[in-house]
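The chain contents come next:
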Amino acid sequence: YKISSCVHLLLEEHEDTHWIHKDPHKYAGLIYLSDTDYGCGTNIYDDDKKIINTIIGIKNRAIMYSGNYYHNAYGKFGNVEGGRLTLNFFINSHEA
């Protein structure tokens, strides 16, 4: 398998741009690095874009899901000190 990662900070100016989407990878995931905020996290959707799971953004929590699932971030869009900070990772088979 091949793994890539990046640190991602969502700020107030990104709030309108974080749409429901799929990732072009076999698996995707993230680790919440911001302080725990029960008003933020990740929504996972079915193919009809109905929420099937809501994951609360708890500091140091890791989540992983199939890249085929629709998802988006919700809540916690702030400034550099208070934005939504995550370590995102993507996994593909070695051939990809």
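To continue, consider the side chain of T86. Along the chain, T86 falls in strand β7 (residues 84-92). A distance of 2.6 Å separates a polar atom in the side chain of T86 from a polar atom in the side chain of N88. Setting aside residues up to four positions removed in sequence, T86 forms contacts with C6, V7, H8, L30, I31, Y32 and L33.

Let us look at the nonpolar core. Considering soluble globular proteins, one finds that nonpolar side chains tend to be buried as a cluster. Grouped together as the largest cluster of nonpolar side chains are eight residues: A28, L30, Y32, I44, I55, I63, Y65 and F90. When residues of this core are traced back to their parent elements, those giving at least two are β2 (27-32) and β5 (62-66). At three residues, β2 tops the list of elements feeding residues into this core.

The residue K49 is not glycine, and still its phi comes out positive at about 60°. With respect to the secondary-structure elements, K49 resides in the loop between β3 (37-45) and β4 (51-57). Look at K49 and you get partly exposed, because its relative accessible area is 43%. For N60, which is not glycine, the phi torsion reads 75° and is therefore positive. Mapped onto the fold, N60 is located in the loop between β4 and β5.

The rules behind the values
- Residues numbered from 1 in each chain as written.
- Predicted model: local features only at pLDDT ≥ 70, side-chain atom pairs only at ≥ 80, totals over all residues.
- Heavy atoms only, no water.
- Helix = DSSP H or I, 4+ residues; strand = E, 2+ residues; numbered from the N terminus.
- Polar contact = N/O pair within 3.5 Å; in protein donor to acceptor, adjacent residues only side chain to side chain.
- Contact = heavy atoms within 4.5 Å.
- Core = buried A, V, L, I, M, F, W, Y, C linked by side-chain atoms within 4.5 Å.
- Buried < 20%, exposed > 50% of the residue type's maximum accessible area, 1.4 Å probe, protein only.

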